[in-house]
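Structural overview for review
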Amino acid sequence: MEDEVDRLVAAWRRERPDLDVEPLEVLSRVSRLARHLDRARRTAFAEHGLEPWEFDVLTALRRAGSPYQLSPGQLLTQTLVTSGTMTNRIDRLTGKGLVKRLPDPDDRRGVLVRLTDDGRDRADQALAGLLAHERELLAQLTSTQQGELAGLLRQLVAPFDNIP
């Protein structure tokens, strides 16, 4: 089976035989897959009335466990956005009734962001929808192949995730 990356690599080998284009064999596929996954995720979230960034914030809170709340700083760490961006996101989610701000009992100047019942329900439904879509995407791989791929990708991603 040939794909677009095979054609791209063949063209570069023809045009630039002096270069080792082997990294393209893997990373161009990862890049293309990321674009396809982004589209699939946007579709899955839209089915539940959410944008990807909304899903990210809501599910970070959902994963925190009851009472489903985090500080804005904790949300920054989990979603990899700036403080200003997170403030805007919290404002927008509050306006939609999906989260609420509460005073932090341990810090008089601080706040906590908590999922509302509607926010929890939307996060749960969107996650179930996402997993159904992702199962379809992975259906052509055996369970063993999925585990092997996950391990290999973990090796590539871990150094980025572990930057202090």
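In the annotation of an unreviewed UniProt entry, the entry for the protein chain reads MarR family transcriptional regulator, and the organism field reads Kitasatospora purpeofusca.

1. A short note on the overall build of the protein chain
Broken down by element type, the protein chain carries 7 helices and 3 strands. Against the compact-globule benchmark of 15 Å for 164 residues, the protein chain has a radius of gyration of 20 Å, which places it well outside the compact range. Its C-alpha atoms give the protein chain principal-axis dimensions of roughly 65 × 35 × 30 Å. When each of the 164 residues of the protein chain is scored for burial, the buried share is 24%. A separation threshold of at least 6 residues defines the contact pool for the protein chain, and within that pool the share at least 24 residues apart is 45%. Within the structure as shown, the protein chain displays about 11300 Å² of accessible surface, and the carbon and sulfur contribution to it stands at 54%.

2. Quick look at the sheet that holds strand E2 (residues 99-104)
The strand order E1-E3-E2 describes an open sheet built from 3 strands, whose pairing is antiparallel. Edge positions in the sheet fall to strand E1 (69-70) and E2, since each has one partner strand and no second. In the sheet, E2 pairs with strand E3 (residues 107-115) via 6 bridges, with the strands oriented antiparallel. Across the sheet, the residue bridging to Pro-103 is Val-111, located in E3. Set on the sheet, helix H5 (residues 83-95) makes contact with E2 and E3; between it and E2 the angle comes to about 120°.

3. A look at helix H2 (residues 22-46)
With 25 residues, H2 extends 37 Å between its outermost C-alpha atoms, agreeing within 8% with the 36 Å of an ideal straight helix rising 1.5 Å per residue. The complete set of buried residues in H2 reads Ser-28, Ala-44 and Phe-45. Packing partners of the buried residues in H2 comprise helix H1 (4-15), helix H3 (52-63) and helix H6 (117-138).

4. Concerning the packing of aromatic side chains
As enumerated under the stated definition, the model contains 1 aromatic pair in all. Geometrically, the ring pair formed by Phe-45 and Phe-55 is stacked, given 4.1 Å between the ring centres and 20° between the ring planes. Residue Phe-45 is found in helix H2, and its partner Phe-55 is found in helix H3; the two are separated by 10 residues along the sequence.

5. Some points on the pattern of salt bridges
Where charged atoms from two side chains of opposite charge come close, those side chains can pair. If you walk through the whole model with that rule in mind, you get 15 salt bridges. The salt bridge involving Glu-2 is made with Arg-7; its shortest N-O contact spans 3.2 Å. For Arg-7, a relative accessible area of 41% gives the class partly exposed. Between Asp-3 and Arg-29 there is a salt bridge, and its shortest N-O distance comes to 2.8 Å. A residue pair is termed long-range when its members are at least 10 positions apart, and Asp-3 in the segment before H1 and Arg-29 in helix H2 qualify at 26 residues. One salt-bridge network, held together by shared partners, links Asp-3, Asp-6, Arg-13, Glu-25 and Arg-29.

6. Description of the nonpolar core
Core analysis: the largest hydrophobic core is formed by 22 residues, its most contacted members being Leu-58, Leu-61, Leu-75, Leu-93 and Val-99. Every element with two or more residues in this core is listed here: H2, H3, H5, E3 and H6. It is H3 that provides the largest number of residues to this core, a total of 6 residues. Excluding residues within four positions of it along the chain, Leu-58 makes contact with Leu-50, Leu-93, Leu-98, Val-99, Leu-115, Gly-119 and Ala-123.

7. Thoughts on the UniProt feature "domain: HTH marR-type" (unreviewed entry) in the protein chain
Within this numbering scheme, the UniProt entry marks residues 23-158 as carrying the feature "domain: HTH marR-type" (unreviewed entry). Secondary structure across residues 23-158 divides into 70% helix and 12% strand, with the first and last C-alpha atoms of the span separated by 18 Å.

So, how was this worked out
- Residues numbered from 1 in each chain as written.
- Predicted model: local features only at pLDDT ≥ 70, side-chain atom pairs only at ≥ 80, totals over all residues.
- Heavy atoms only, no water.
- Helix = DSSP H or I, 4+ residues; strand = E, 2+ residues; numbered from the N terminus.
- Rg over C-alpha atoms; globule rule 2.2 N^0.38 Å.
- Buried < 20%, exposed > 50% of the residue type's maximum accessible area, 1.4 Å probe, protein only.
- Contact = heavy atoms within 4.5 Å.
- Areas by Shrake-Rupley, 256 points an atom, 1.4 Å probe, with all protein chains shown as cover.
- Pairing = 2+ DSSP bridges.
- Axes fitted to C-alpha atoms, helices over the stretch in contact; angles between N-to-C directions.
- Expected span 1.5 Å × (residues − 1).
- Phe/Tyr/Trp six-rings, centres within 6.5 Å; stacked < 30°, edge-to-face > 60°.
- Salt bridge = Lys/Arg side-chain N within 4 Å of Asp/Glu carboxyl O.
- Core = buried A, V, L, I, M, F, W, Y, C linked by side-chain atoms within 4.5 Å.
- UniProt positions renumbered as here; feature names shortened; annotations may be inferred.

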